[in-house]
Each structure stands twice: as C-alpha cells, then as structure tokens.
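Here is what each chain is made of, one letter per residue.
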Amino acid sequence: MADFDTTAFITEAVHSGEEVAELSSESGDVVSPIHLATHHAMRSPGVAEHDYKYSRFGNPTRDALETRLARLIGANEAIAFSSGTAAIATACLALCDSGDHVVAFDGVYGGTRVLFDDLLREQMGVDIEYVDATNTDAIEAAIRPETSLLWLETPTNPLLKLCDLHGAAEIARENGVKLGVDNTFATPYFQRPLEIGADVVVHSTTKYLNGHSDSTGGVVATDDSDIAERVSELQQYTLGNLLPPFDAYLVLRGVKTLPLRMTQHETNAQAIADYLVDHSAVSEVNYPGLESHPQHALARRQMDGFGGIVSFELDATEAETRAVIEELDLFTTAVSLGGVESLVDHPWTMSASFMPAADRREAGISESLVRMPVGIESSTDLIRDIEQALNYL
C-alpha cells in the first residue's frame, strides 16, 4: 500500500484548525466555539473590525473546519458546503462551460449521475459521456479536444469498483483536462487523490468525516488557487450553499476520531466480507480487501485501507432479499453510510430507486443486491446477526 504517515494524520485530525480557538478565545476554549452570528460589527463604514462581516463570506467555526479538512485531505484550500451534492454541483459549475465535454465513470453514484444529466447536460449544454473507468484505455479513448473535466469516484457506490487514479491523472494531465474525484467512500485516511494528481477532490462530510449520522454537508478541496477562488465565488455570491456553523462544529468534533473509526470500520468490513464469501446463500461479494476482488491489487497500490462498505448478491428473489434484510437486528435499514452504527440498504428499492429500472440493471444494481455500511460494533455480534438473517433462505 501507499507510504502514509498515520501518526501525522491522527495528530492533524485532533489539532488542526483549532489552534486559533486556543490562542484567541478569552475563555481558553480547547475546541472551537459555535459562532452563530450572521453579521459582525464594523469599525466604521467599509472598515471591518475583525476578519468577518457577514456569515456568507466567512464564519470562524466553518473556517476552523475548512483548515482541518484541507490539511487532512492534503489540499491548500477546502470549502465546506451544505451537502455533498452541493459540493459536487459547485465544483462542476466552476470547471465546466456550455459546449464542454465531460467524461465520467459510468459507476458514479446515481445522485451524481442525475445531477450531471439534469444540470450539466440539460441546463448548461455540457456533453456528458459515461465510460467504464475501470479501464484506463476507455478513459483515454473518450477524451476529445473540448473535454474539460474527467470525473471519477473510487471506490464506487454501491458496487465498490475502482479506478486507476495514477493512470487517470496521467491521461488528464497529458490532455489538459481537469481531474475531479469523489473520495467519500475511501476517506482521506485511506486515499488521497490530490497527492496522485487530481485537481479537485470532494467528500460528503455527511458520511465518514462526520461519522455520527447527525450532520449533512460536503467539501471541495484543491491545490489550485484559481479553482478555489471560482468555487468560493460561486458559493458565496451566487449559490449561497454554505455549511452552517453548528454543522461545522459537529464535523470538527467527528473528524477527530476519523482514524480510529476507519480502522474499526475496515476491520469489521473485512471480517464480514470473509464470512460472506463462504456462505452458500451469497453468489458474489464486493469488497476491495478480498483477494477475489478483480481490482484487489490496484486497491493495495493506491489505498492505505479498503474501507467500511461491503455489498453482496444473494442467490434469492427480490422478496427473499427484502425478507433477509428485515430479519436483521443490529443492522438498521436506512440509506446513507459512514456513521458508527451498522446500516443495511437494498439499493434496488432504496438508495438507487430514483433511477429507472433499466439504468439500475445497466449499472449492475439488481433486485438481490445488498449494501452494508459496516459500523464499529463487535464484528462477532454483526456476523452473528447476518448469520441468523440468512437462515431465512
């Protein structure tokens, strides 16, 4: 796996961004206070007393979070948004113009695909081309002179497919194309696309970065000052889709334990994947940590861990699959992922249900597919719960 200083990452996760709070707070706060003020007093007309004047243009709690996320992601700048979708949309608006061509992984999350089709294609006149980005030759073949953006997600949701980020970054660089990567599933603890050559990285902070299922948000991170300026301008002056102070506080709190949580998520996910591989009721298991995963070697090269999501196909009908899910006790049936608690999702009727049936099947999402965002509970208890549910079949 990649050479990665976990000690430095853990230290940054706890301390970065809150040095200002420690030094400047009159009460000696060791965590950033929640600054709820919408506006700040000015010394005189047009002259600010402090660095802040109106919350849309800056907030101390949000600034602390953005500093921390930038350091963890390995970026010069990070901009926090009200949702992961808002982060993706704003990044794409900053990188695309009418008449451009965008190459996107055909395995991207369905919500991202809807955003691309409705906003970029229908509203902006951007040509979107979906390709099997597990094959770098397919990426290269799709690039045109008018291509402005290559958009990847690795691992993908819900089938855990991977892209070769080194190969994709080389193709993008040689053709003058910007590379954007949704790194939500991997987290910056397990994968850092900017170090590999991406221009922009996005995360849904709703998921692992917050980790407690109580805040919705997103982040755009980049080393390119021009991109950061454009994203910030769109956010502050056009769209206004900023992360509220209380949510910034929640993510600041949650990300302190990201390294510890991700270690346990991965340990549990690996144990569950190993168990499912040998179960007679399971026809296929999707987890990059399995040697049987077709891109296991790639995952070992570009990641520092395999993540906390397992998906699998049951040898069952849709009704039987739903019944198995309903038999689970420790796994809560819910969409989303990344919290400390284990969840179970039936993509066909839940997280991918907004896609037409034909599109779901084309994407490899079947009626018998189950997605498990594995929490940090005892793996023994989780496997016991899965075992009793599978006895239904």
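In what follows, the structure referred to is the one given above.
(A) View of the side chain of histidine 265. Turning to its location among the elements, histidine 265 is positioned in helix H12 (residues 258-277). Looking at histidine 265, the relative accessible area reads 0%, which means it is buried. Within polar-contact distance, the side chain of histidine 265 engages the backbone oxygen of valine 374 at 2.6 Å. If sequence neighbours within four positions are ignored, histidine 265 has contacts with Tyr208, Gly307, Gly308, Gly338, Gly339, Val340, Val374, Gly375 and Ile376.

(B) Here's a closer look at the sheet that holds strand S14 (residues 369-373). Ordered by their spatial adjacency, 3 strands build an open sheet running S10-S11-S14, and the pairing between neighbours is antiparallel. Edge positions in the open sheet fall to strand S10 (282-286) and S14, since each of these has one partner strand only. The sheet shows a mean angle of 20 degrees between the axes of neighbouring strands, direction not considered. Note that strand S11 (residues 309-314) and S14 share 5 bridges and pair antiparallel. Residue pairing across strands places glutamate 313 opposite leucine 369, the latter belonging to S14.

(C) The arrangement of unusual backbone geometry in detail. Residue proline 155 follows threonine 154 across a cis peptide bond; omega there is -5 degrees. Position of proline 155 among the secondary structure elements: in the loop between strand S6 (147-153) and helix H7 (165-174). In this model, asparagine 157 is joined to proline 158 through a cis peptide bond whose omega is 10 degrees. Looking at the element boundaries, proline 158 is found in the loop between S6 and H7. If you check the backbone angles, serine 213 has positive phi at about 55 degrees while not being a glycine. Counting through the fold element by element, serine 213 comes out in the loop between strand S8 (200-203) and strand S9 (218-222). On the basis of relative accessibility, which here comes to 47%, the residue serine 213 falls in the partly exposed class.

(D) A negative patch on the surface, seen in detail. A contiguous patch of negative charge on the surface is contributed by Glu77, Asp226, Glu229 and Glu233. Top element by residues in the negative patch is helix H10 (residues 225-239). It accounts for 3 residues. With respect to the element layout, glutamate 77 can be found in strand S3 (residues 77-81).

(E) Here's a closer look at the pattern of salt bridges. Inspection of the entire model under this criterion finds 14 salt bridges. Between lysine 256 and glutamate 18 there is a salt bridge, with the nearest N and O atoms lying 3.1 Å from each other. Within this pair, whereas lysine 256 is found in the loop between helix H11 (245-255) and H12, its partner glutamate 18 is found in the loop between helix H1 (6-15) and helix H2 (19-24), the two being separated by 238 residues in sequence. The class for lysine 256 is partly exposed, based on a relative accessible area of 23%.

(F) Quick peek at H11. With 8 of its 11 residues buried, H11 lies for the most part within the structure. For H11, every residue scored as buried is listed here: Pro245, Asp247, Ala248, Leu250, Val251, Leu252, Gly254 and Val255. Those residues of H11 that are buried are in contact with H1, helix H3 (60-73) and H12.

(G) Spatial organisation of the packing of aromatic side chains. With the rule as written, the count across this model stands at 8 aromatic pairs. Relative to phenylalanine 57, the ring of tyrosine 54 has its centre 6.0 Å away and its plane inclined at 55 degrees; by these criteria the two rings are tilted. Here tyrosine 54 falls in the partly exposed class, since its relative accessible area comes to 37%. Three or more aromatic residues joined by ring pairs form one cluster here, namely Phe9, Tyr189 and Phe190. The ring of phenylalanine 57 carries lysine 53 above its face, with NZ or CZ at 5.8 Å from the centroid. Just above the ring of tyrosine 130 sits the side chain of arginine 113; from NZ or CZ to the centre is 3.8 Å.

(H) Layout of the sheet that holds strand S4 (residues 101-105). Pairing is mixed across the open sheet formed by 7 strands, whose spatial order is S3-S9-S8-S7-S6-S4-S5. Sheet topology places S3 and strand S5 (127-131) at the edges, where each strand pairs with a single neighbour. Between one strand axis and the next, the sheet turns by 20 degrees as a mean value, whatever way the strands run. One ladder, built from 3 bridges, connects strand S7 (residues 178-182) with S8; its direction is parallel. Within the sheet, the bridge partner assigned to valine 181 lies in S8 and is valine 201. In this fold H7 packs onto S6 and S7, with an angle of close to 150 degrees to the strand it touches most, S7.

What counts and what doesn't
- Residues numbered from 1 in each chain as written.
- Predicted model: local features only at pLDDT ≥ 70, side-chain atom pairs only at ≥ 80, totals over all residues.
- Heavy atoms only, no water.
- Helix = DSSP H or I, 4+ residues; strand = E, 2+ residues; numbered from the N terminus.
- Buried < 20%, exposed > 50% of the residue type's maximum accessible area, 1.4 Å probe, protein only.
- Polar contact = N/O pair within 3.5 Å; in protein donor to acceptor, adjacent residues only side chain to side chain.
- Contact = heavy atoms within 4.5 Å.
- Pairing = 2+ DSSP bridges.
- Axes fitted to C-alpha atoms, helices over the stretch in contact; angles between N-to-C directions.
- Patch = residues over 30% accessible without salt bridge, like charges linked within 9 Å, V, L, I, M, F, W, Y side chains within 5 Å.
- Areas by Shrake-Rupley, 256 points an atom, 1.4 Å probe, with all protein chains shown as cover.
- Salt bridge = Lys/Arg side-chain N within 4 Å of Asp/Glu carboxyl O.
- Lys, Arg positive; Asp, Glu negative; His and termini not counted.
- Charge placed at Lys NZ, Arg CZ, Asp CG, Glu CD.
- Phe/Tyr/Trp six-rings, centres within 6.5 Å; stacked < 30°, edge-to-face > 60°.
- Lys NZ or Arg CZ within 6 Å of the ring centre and 35° of its normal.

All we've got here are geometric facts, nothing functional implied.
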